[in-house]
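This is what each chain is made of:
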Amino acid sequence: MLNHAGYDNRARYDLPGPLSRRLSRPPPLRYATRMPADDRTQRAKRIAANLGFDRVGIAPPGPPPHADFLDTWLARGFAGQMRYLHRYRDLRLDPRRLLPGARSVICVAMNYHQPDPPESDGASEEPHGRFARYAWGGDYHVLIRQRLDALVERLREAIDETFDVRPFVDTAPVLERPLAATAGLGWIGKNTMLIVPRMGSFVFLGGVVTTLELDTDEPVPDRCGRCRRCIEACPTGALATPYVMDASRCLSYLTIELRDAIPAEFRDALDGRIFGCDACQRACPHNRRAPETTEPGLRVRFPAPRVPLLTVLGWSPEAYAQATGGRAVGRATLSMLRRNAVIALGNLGDRRHQPILEAIVAQGDSELADHARWALRCIASRR
Ligand code: SF4
Ligand code: SF4
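Residues numbered from 1 in each chain as written. Chains lettered and ligands numbered in written order. Predicted model: local features only at pLDDT ≥ 70, side-chain atom pairs only at ≥ 80, totals over all residues.

For the rest of this paragraph, the subject is the overall build of the chain. Along its length, the chain carries 16 helices and nine strands. The contacts in the chain between residues at least 6 apart in sequence include a share of 82% that link residues at least 24 apart. (Helix = DSSP H or I, 4+ residues; strand = E, 2+ residues; numbered from the N terminus. Contact = placed C-beta atoms within 7 Å.)

Okay, here's the thing in C-alpha cells:
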C-alpha cells in the first residue's frame, strides 16, 4: 500500500543476502539453558525503548489478518504506477518467506510529530510550497535502520542464543502497517494509517523479523467509531471507501511517486502542496494532542516545512542535491518538484507569476511546459 510516509520501494529491496548473514553471526554460547521467552521479550522491548523507539510490540511471523486484501487492492488498480508493489507478493504476505525459520516480528514505531511553525516564521510574502510533515526532518530510513541494527547488536549481547534477523524500514517487501497492528502498536484507521493510542498517526514504522521466539502482543481495538473526518478532509476522494485508499488518487502518490504528468483533475486539489499531503491525518482527532517528537534527527531542517516556489523552480541539480540530501524529500526528483511547484503557482492565480510561467513554456521541456500552460490558464481564468 502507498505509505504517506513516502516508501522508496522502487529502490532495490534489501533481500536476504550478505548483510543478513553478517548480522546473523552468532556469539559464543555462554549459557547451557535457553532464556525463557518472556525474559527475552522484556529485554528486547527495553532495548528498543532505550534506543528511542516510542512503541514496540511483537507480532507472530505469519501473514497478518487481511493480507490477501493486497491482491484485491492491486487488481483494482489502486496502486497506480507503483508496479514494484506487484513484485515479491509471496514475501510481502508472509514474513516467514523473507526469513526462513522466523518465529517473531519485533515491530517499532517512532513519533515524528512536530507542530506547524508560526506563519511568520521566516515565510515572507513570497509564495511557498508545503512539504508533508514526515519530510520536515532527516531521512528516517537511515535513522531507523541504524537504530534497528543497534537493536540487533544489543540483543545479541543480551541474549546468548543463535538467531537470524531481517530488519526492515521501507526496504523490504513487508506489510508494515498490518504487522504493526498485529503487534498491538495501534489500529489501522479509516484513513489507512496506523493510529497509535495517545500518540496518533505521525509515526514511522519499522521492525525486525527474527528466528528468536518472543511473546506476542494483542492487537488494540479500532477506535474510529462513527468518525469520518479523514474521508471528508481528503481533497481528491482517495478515501471514498473507508479503510481503503485509492492511491492513484492520493496527493502523496501524485506528488512523490508519479513521474508522468499529474492528471488535470487533481491539480486544483494540490493547492500549495509540493511534496505529499497530510490532510487526512491533520483531520484525525487522535492527532489533536499528538506529543512532539523527542528525536533530534527528525527535527525540522531547511528547506522544510515550506520552501519558496521560485527557489524550487530555480534549483540547479547541485542546489537540489544540497537541499534534499539526507532527507526524505529527496524521494521526489528535481523535475517532479518543479512540476509540483508550477501547479502550486497556477493555483495561486497571481498575475505576477505569468512571466515566470511563460519563460518555462519557452524553455521547451514539454512536460513542464504543459503544466505551465495549465497554470497560465488558471491565472487567466481568475482575472
Ligand atoms: Fe491522500 Fe487524501 Fe490522505 Fe491527502 S487526504 S494523503 S490525498 S488520502
Ligand atoms: Fe478514524 Fe476519524 Fe481518524 Fe479517520 S479521522 S482515521 S475515521 S478517527
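Now that the structure has been shown, we can carry on.
Taken together, 15 residues form the shell around ligand 1, and within it C234, C250, C277, A279 and C280 come nearest. At the level of elements, α9 (251-257) and α11 (279-282) are the ones that each hand at least two residues to the shell around ligand 1. Here the shell around ligand 1 is composed, by residue class, of eleven nonpolar, four polar and no charged. (Near = placed C-beta within 6 Å. Nonpolar A, V, L, I, M, F, W, Y, C, P; charged D, E, K, R; others polar.)

Most often, soluble globular proteins keep nonpolar side chains buried together rather than apart. In terms of nonpolar packing, the biggest core is built from 105 residues, with C107, A109, L194 and V203 touching the most fellow members. Those residues within four positions of L194 in sequence are excluded, and the remaining contacts are R177, A180, A181, L185, G186, I188, S201, V203 and L205. (Core = buried A, V, L, I, M, F, W, Y, C linked by C-beta atoms within 7 Å. Buried ≥ 20, exposed ≤ 12 C-beta atoms within 10 Å, placed from the backbone.)

Another aspect to go through is the site of ligand 2. By nearness alone, every residue bordering ligand 2 is listed as G189, K190, N191, C224, C227, R228, R229, C230, A283, C284, P285 and H286. Residue classes in the shell around ligand 2 are distributed as six nonpolar, three polar and three charged.

So, on to unusual backbone geometry. The phi dihedral of T192 falls on the positive side, at around 75 degrees, and the residue is not glycine. Locating T192 in the fold gives a position in the loop between β5 (187-188) and β6 (194-195). Under the C-beta neighbour-count criterion, T192 is labelled buried, with 22 such atoms within 10 Å. Within the chain, Y243 stands out as a residue other than glycine whose phi angle is a positive 75 degrees. Within the fold, Y243 resides in the loop between α8 (229-233) and α9. Given 15 C-beta atoms within 10 Å, Y243 falls into the partly exposed group.

What follows covers the sheet that holds strand β4 (residues 165-168). Judged by pairing direction, the sheet is antiparallel, and its four strands sit side by side in the order β1-β2-β7-β4 without closing on themselves. Looking at the sheet topology across the chains shown, the edges are occupied by β1 (55-59) and β4. Averaged over neighbouring strand pairs, the angle between their axes works out to 20 degrees when direction is ignored. Across four bridges, β4 lies against strand β7 (residues 203-210) in antiparallel orientation. Paired with V165 across the two strands is T210, which belongs to β7. Contacts between helix α2 (residues 37-50) and the sheet are confined to β1 and β2 (104-111), with β1 contributing the most and set at about 145 degrees to the helix. In the packing of helix α6 (residues 140-158) onto the sheet, contacts are made with β2, β4 and β7, and the angle to β7 comes to roughly 35 degrees. (Pairing = 2+ DSSP bridges. Axes fitted to C-alpha atoms, helices over the stretch in contact; angles between N-to-C directions.)

Below, the discussion takes up the environment of L309. By secondary structure assignment, the location of L309 is in helix α12 (residues 309-314). Sequence-wise, L309 and G129 are 180 residues apart; in three dimensions their C-alpha atoms are separated by 5.6 Å. Among residues more than four places away in sequence, those in contact with L309 are P127, H128, G129, A341, A344 and L345.

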